[in-house]
Amino acid sequence: LGRIGLAMNVGSGSVVGACLGLFFILLIFRPKLGEMTLSKSWAALAGAGTSSLWLIFQSFALMGGMLLLQSMVNRHYGLTVLGHYTAELLVVDTAVMVIMSSARSQILPTLGRLEDSTAKGVFFSRLFLIQLTANTFAAIALVFGARLILRILFSDTLAEGADFLAVLGVSLVGHSLVWSCNTLLLHKGDVRTFVFLDTSWMAFLLLASAIAVRLALPPVWVAWVYTVSSLISGTLYVCAVGYKYRGEFISARLVSHAVLSLILVLSSYGLSRGGW
């Protein structure tokens, strides 16, 4: 079926997932569903509506921002650079999803079960360090193995954009901070804070990228803009969580580990660019 078949293959995953989700909801909660009257159902939906609207706004802002960014890259650098950029962003996003999604599925229910704030802080710190360590090793692997990874996943042609992937790999440190703190804010129900931080990150990314292309900087600068903006976003998330919860979850030890991880990844990048 060619491209249509590929699109159907990708899209069918969401349909199958929705059907399975609905099946298990009915299997587990069917006895209680009959107890809800229509008025109670509407009241429950209205109660959850505000948070849902914020999350929908965040999704549209981030997806729309990425489309604008890709359009910007295509318009100023051409399809070849856009192909490198989108392919390598896909590698980075997949790495983040693989590492962080499994942790999020554990941290949310565990934090919900724990009642003692001290125990929550200890658990969050442990998972924060695990995620940061995993992303640090993944970033170093992307920095040193960028060309080989692109050749295996795509083609020799896209392997020419190894510099892009090496730069974007550094952003994994920032992504680990964002996802860890994002999950904590989600547990706390503080949706507005992380929506504000995410949309601010996207606005900064678009503005800085527009300046880079306006000045006709080399294409790799667009990758550096993405990486630096991710690191700034991660720093803002850590500061926001530290300020809002007064050191309950963010300690000096976690901050020092984050700084050390960034130094290791940047040192790896320097070595890789130096011919090592």
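What counts as what
- Just so you know, the residues in each chain are numbered from 1, in the order the chain's sequence is written.
- The predicted origin of the model limits local features to residues at a pLDDT of at least 70 and limits the giving and counting of side-chain atom pairs to 80 or more, whereas totals for whole chains, interfaces and linings rest on all residues.
- Only heavy atoms go into the side-chain values, all of them from the structure, while hydrogens and water stay out.
- Secondary structure elements are defined from DSSP: runs of H or I of at least 4 residues count as helices, runs of E of at least 2 residues count as strands, and each element is numbered from the N terminus.
- For this analysis, residues touch if any pair of their heavy atoms sits within 4.5 Å.
- The rule is simple: take the accessible area with a 1.4 Å probe, protein chains only, and divide by the maximum for that residue type; under 20% is buried, over 50% is exposed, in between is partly exposed.
- Any pair of nitrogen or oxygen atoms within 3.5 Å is treated as a polar contact; in protein, a donor-acceptor pairing is required on top of that, and neighbouring residues in sequence qualify only through side-chain atoms on both sides.
- Surface patches are drawn from residues lacking salt bridges whose relative accessible area is over 30%; two like charges belong together within 9 Å, two nonpolar side chains (Val, Leu, Ile, Met, Phe, Trp, Tyr) within 5 Å.
- Shrake-Rupley sampling with a 1.4 Å probe provides the accessible areas, and residues are treated as covered by the protein chains on show and by no other component.
- Salt bridges are defined by distance alone: a side-chain nitrogen of Lys or Arg within 4 Å of a carboxyl oxygen of Asp or Glu.
- Confidence of the predictor at the level of single residues is captured by pLDDT, which takes values from 0 to 100.
- Multiply 1.5 Å by the residue count of a helix minus one, and that product is the helix's expected span.
- Axis lines are fitted through C-alpha atoms, for helices just across the contact stretch, and the angle between N-to-C directions can take any value from 0 to 180 degrees.
- By the definition adopted for this analysis, an angle is roughly parallel if under 35 degrees, roughly antiparallel if over 145, roughly perpendicular if from 65 to 115, and oblique otherwise.
- Each crossing is labelled by how the near helix is turned from the far one, with a counterclockwise turn of less than a right angle marking it left-handed and a clockwise turn marking it right-handed.
- Three residue categories are used. Nonpolar comprises Ala, Val, Leu, Ile, Met, Phe, Trp, Tyr, Cys and Pro, charged comprises Asp, Glu, Lys and Arg, and polar comprises the others, including Gly.
- The term nonpolar core refers to a set of buried residues drawn from Ala, Val, Leu, Ile, Met, Phe, Trp, Tyr and Cys, joined through side-chain atoms within 4.5 Å.
- Working definition: a ring pair exists when centres of Phe, Tyr or Trp rings (six-membered ring for Trp) sit within 6.5 Å. Plane angles under 30 degrees give stacked, over 60 give edge-to-face, the rest tilted.

Novice: Could you clarify how one ought to interpret the environment of Met-66 in this entry?
Specialist: Locating Met-66 in the fold gives a position in helix 2 (residues 38-77). In this structure, the C-alpha to C-alpha distance between Met-66 and Val-81, residues 15 residues apart in sequence, is 15 Å. With residues near it in sequence (within four places) discarded, Met-66 still touches Leu-89, Met-202 and Leu-205.

Novice: Please clarify how the side chain of Thr-227 should be interpreted in this entry.
Specialist: Along the chain, the position of Thr-227 falls in helix 8 (residues 220-244). On the accessibility criterion, Thr-227 (0% relative accessible area) is buried. A polar atom in the side chain of Thr-227 sits 2.8 Å from the backbone oxygen of Val-167. Non-local contacts of Thr-227, meaning those with residues more than four positions away in its chain, are made with Val-167, Leu-168, Val-170 and Ser-171.

Novice: Would you mind showing me how to read the side chain of Ser-180 here?
Specialist: You can see Ser-180 is positioned in helix 6 (residues 162-188). Residue class for Ser-180 comes out buried when judged on its relative accessible area of 3%. Looking at Ser-180, its side chain comes within polar contact range of the side chain of Gln-131, at 2.4 Å. Leave out the neighbours within four places in its chain, and Ser-180 touches Met-100, Phe-124, Phe-128 and Gln-131.

Novice: Even after reading the chapter, I still don't get a nonpolar patch on the surface, so can you show me in this structure?
Specialist: Among the surface-exposed residues, Val-16, Leu-20, Phe-23, Phe-24, Ile-25, Leu-27, Ile-28 and Phe-29 lie close enough to one another that they form a single nonpolar patch of about 800 Å² accessible area. Within the secondary structure layout, Phe-24 lies in helix 1 (residues 2-33). Residue classification places Phe-24 among the partly exposed positions, given a relative accessible area of 44%.

Novice: For this particular structure, what's the right way to read the confidence of the model for the chain?
Specialist: Summarising the model, the chain shows a mean pLDDT of 86, and 96% of its residues fall at 70 or more. At the low end of the mean pLDDT range in the chain sits helix 2, at 81; at the high end sits helix 8, at 91.

Novice: Please explain the pattern of salt bridges as it appears in this structure.
Specialist: Two side chains with opposite charge may pair up if their charged atoms get near one another. Counted by the stated rule, this structure contains three salt bridges. Between Asp-156 and Arg-151 there is a salt bridge, with its nearest N and O atoms 2.9 Å apart. The class for Asp-156 is exposed, based on a relative accessible area of 52%. By relative accessible area, which is 39% here, Arg-151 ends up partly exposed. Between Arg-273 and Asp-163 there is a salt bridge, and its shortest N-O distance comes to 2.3 Å.

Novice: Whenever I open this one, helix 8 confuses me. Can you help?
Specialist: Think of an α-helix as turning once every 3.6 residues; residues three or four places apart then point the same way. For helix 8, spanning 25 residues, the distance from its first C-alpha to its last is 36 Å, which sits close to the expected 36 Å at 1.5 Å a residue. Of the residues one or two after helix 8, Arg-246 is the one with positive phi, at around 50°.

Novice: What is the right way to read the packing of helix 4 (residues 117-144) against helix 6 from this model?
Specialist: It is at 8 Å that the axes of helix 4 and helix 6 come closest, and there the two elements cross at 165°. Viewed along their axes, helix 4 and helix 6 adopt a mutual orientation that is roughly antiparallel. Taken as a pair, helix 4 and helix 6 cross one another with a handedness that is right-handed. On the side of helix 4, the interface is formed by Lys-120, Phe-124, Phe-128, Gln-131, Leu-132, Asn-135, Ala-138, Ala-139, Leu-142 and Val-143, while helix 6 contributes Leu-165, Ala-166, Gly-169, Val-170, Leu-172, Val-173, Ser-176, Leu-177, Ser-180, Leu-184 and His-187. The residue inventory of the contact of helix 4 with helix 6, partitioned by class, reads 14 nonpolar, six polar and one charged.

Novice: Sorry if this is basic, but what is going on with the nonpolar core here?
Specialist: Taken as a class, soluble globular proteins show a tendency for nonpolar side chains to be buried jointly. Ranked by internal contacts, the top residues of the largest apolar core, which has 72 residues, are Tyr-85, Leu-205 and Val-241. When sequence neighbours within four positions are dropped, the list of residues in contact with Leu-205 reads Met-66, Leu-69, Val-225, Tyr-226 and Ser-229.

Novice: Would you mind going over the packing of aromatic side chains with me for this structure?
Specialist: To describe a pair of aromatic rings, one takes the distance between the centres and the angle between the planes. Scanning the model with the defined rule gives seven aromatic pairs in all. When the centroid spacing of 5.2 Å and the interplanar angle of 70° are considered together, the rings of Phe-23 and Phe-24 count as edge-to-face. Both rings, one in Tyr-85 and one in Phe-164, keep their centres 6.2 Å apart while their planes meet at 80°; by these two values the pair is edge-to-face. Of this pair, Tyr-85 sits in helix 3 (residues 79-113) while Phe-164 sits in helix 6, and the two are 79 residues apart along the sequence. Across the pair, exposure class does not vary: Tyr-85 and Phe-164 are buried alike. A connected cluster of aromatic rings, assembled from ring pairs, spans Phe-124, Phe-128, Tyr-245 and Phe-249.

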